[in-house]
Amino acid sequence: MAGWLTMMEFMTAISGVASGWAAYFKGLLSQYGIALPQALNGTFNPQAGTFVDLLPILVLVLVTSLVLLNAKAALRFNSILVILKFSALALFVLVGIWNIKLDNWSNFAPYGFGQIYGASTGIMAGASLMFFGFLGFESISMAVDEVKTPQKNIPRGIVLSLSIVTILYALVTLVLTGVVHYSHLNVDDAVAFALRSVGISWAANYVSLVAILTLITVCISMTYALSRMIYSLARDGLMPAAFKELTKTSKVPKNATILTGLASAVAAGIFPLASIAAFLNICTLAYLMMLAYGLIRLRKEKGMPKAGEFKTPLVPLLPILSIIICLSFMLQYNMETWIAFLVALLVGSMIYFTYGYKHSTIEE
């Protein structure tokens, strides 16, 4: 179930990034008077005249094709583009800071703190959705075999990267809401929109161009990772054997990659980004709760870690606190998100009990 929930996380993350890519691409195209037909220009909403968002589907078809051809070169290119990402954020902060209107920060928290459980507005409800921006840092632990003294450096790397991103989010959000009043920011390409609203179109176009370039490579890296995850589950007998089939030349898990691209494209084309983010978050929070419970069980059954092994501090206090925070965030989501989550759990359970339980090669 942890593997299944992680699959749901990565699949919806790919969809969310593709939706973000499409938003910035549309914003850039609109500067030149180019727009898709209304029916193909938004997620399923017949009242608004939109039925499918075509652009994220097209970009995921491209991404899936690249991964099938072997995307290792694109993964290396992604590392180079990190510099471009930082340059776009730095440009926005440096240019935007001169256009801040202090009145836009009054009232600074218009919806208040919200509620610990079940809030629909306020800081807590916002934090439960903003959790979407703090996912993926656990992938640093995948480099454990290539790091000197991983017991110390892997946790440090995760904490340092989380700290840097938190500071960047705070800076960008402060400038964003200072330049444009929050009530006008219900747009998909908020950073570029803010720059255009104060007449700095060249900077907005640069931010959009960087987003278009970098988000494609993010889609590639996550599609690459998820297809390998599905392949690993199939190799362990928890998913149908067809998903461990490799191409003859580049040894890419063909069927797993196609499943990843197809599922992500359908989600990106039909569901709005906010719904995708909420579903992604609730799946991630659920398996983080499983992880916290697992830490408590491990400490109880196995005792303290051996010398040289990573030791989670403050057990069971820290895992219990983690469970409480995760549950609090989960209870911020609406009924539609919970129904989608329960359906996903049901589908995952059916796959396990009808196939995985009988075919699993994992030793107890």
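Residues numbered from 1 in each chain as written. Predicted model: local features only at pLDDT ≥ 70, side-chain atom pairs only at ≥ 80, totals over all residues. Heavy atoms only, no water.

### So, the nonpolar core
Okay, so step 1: By size, the foremost hydrophobic cluster in this structure holds 76 residues, and its most contacted members are Met7, Leu60, Phe92 and Leu226.
Okay, so step 2: The dominant element in this core, judged by the number of residues it contributes, is helix H7 (residues 201-235), at 17 residues.
Okay, so step 3: The residues touching Leu226, leaving out its near neighbours within four places in the chain, are Met7, Phe10, Met11, Ile14 and Thr260. (Core = buried A, V, L, I, M, F, W, Y, C linked by side-chain atoms within 4.5 Å. Buried < 20%, exposed > 50% of the residue type's maximum accessible area, 1.4 Å probe, protein only. Helix = DSSP H or I, 4+ residues; strand = E, 2+ residues; numbered from the N terminus. Contact = heavy atoms within 4.5 Å.)

### Notes on the packing of aromatic side chains
Okay, so step 1: Overall, the coordinates contain eight aromatic pairs when judged by the stated rule.
Okay, so step 2: Between Phe44 and Phe51 the ring centres are 6.2 Å apart and the planes differ by 65°, which places this aromatic pair in the edge-to-face class.
Okay, so step 3: Judged by relative accessible area, which is 43%, Phe51 ranks as partly exposed.
Okay, so step 4: Ring geometry for Tyr352 and Phe353: centres 5.1 Å apart, planes at 75°, overall edge-to-face.
Okay, so step 5: Given a relative accessible area of 55%, Phe353 falls into the exposed group. (Phe/Tyr/Trp six-rings, centres within 6.5 Å; stacked < 30°, edge-to-face > 60°.)

### What about unusual backbone geometry?
Okay, so step 1: Here Ser106 and Asn107 are connected by a cis peptide whose omega angle stands at 5°.
Okay, so step 2: The peptide bond linking Val315 to Pro316 adopts the cis configuration, its omega dihedral lying at 10°.
Okay, so step 3: Mapped onto the elements of the fold, Pro316 is located in the loop between helix H9 (273-302) and helix H10 (317-330).
Okay, so step 4: The residue Leu314 is not glycine, and still its phi comes out positive at about 55°.
Okay, so step 5: Note on placement: Leu314 falls in the loop between H9 and H10.

### Section: the pattern of salt bridges
Okay, so step 1: This model, assessed by the stated rule, comprises four salt bridges.
Okay, so step 2: Taking the shortest distance from any N to any O, the salt bridge between Glu245 and Lys254 comes out at 3.4 Å. (Salt bridge = Lys/Arg side-chain N within 4 Å of Asp/Glu carboxyl O.)

### Focus on the packing of H9 against helix H11 (residues 335-359)
Okay, so step 1: Their axes nearest at 9 Å, the elements H9 and H11 cross at an angle of 55°. Here H9 lies oblique to H11, going by the angle between them. Crossing geometry of H9 relative to H11 is assigned as right-handed. Seen from H9, the contacting residues are Ala278, Phe279, Ile282, Cys283 and Ala286; seen from H11, they are Thr337, Trp338, Ala340, Phe341 and Ala344.
Okay, so step 2: Residues of the contact of H9 with H11, tallied by class, amount to nine nonpolar, one polar and no charged. (Axes fitted to C-alpha atoms, helices over the stretch in contact; angles between N-to-C directions. Parallel < 35°, antiparallel > 145°, perpendicular 65-115°, else oblique. Left-handed = near helix turned anticlockwise from the far one by under 90°. Nonpolar A, V, L, I, M, F, W, Y, C, P; charged D, E, K, R; others polar.)

### Considerations on the side chain of Thr257
Okay, so step 1: Of note, Thr257 is situated in helix H8 (residues 254-270).
Okay, so step 2: Residue contacts for Thr257: discarding those within four places in its chain leaves Thr64, Val67, Leu68, Ser227, Arg228 and Val252.

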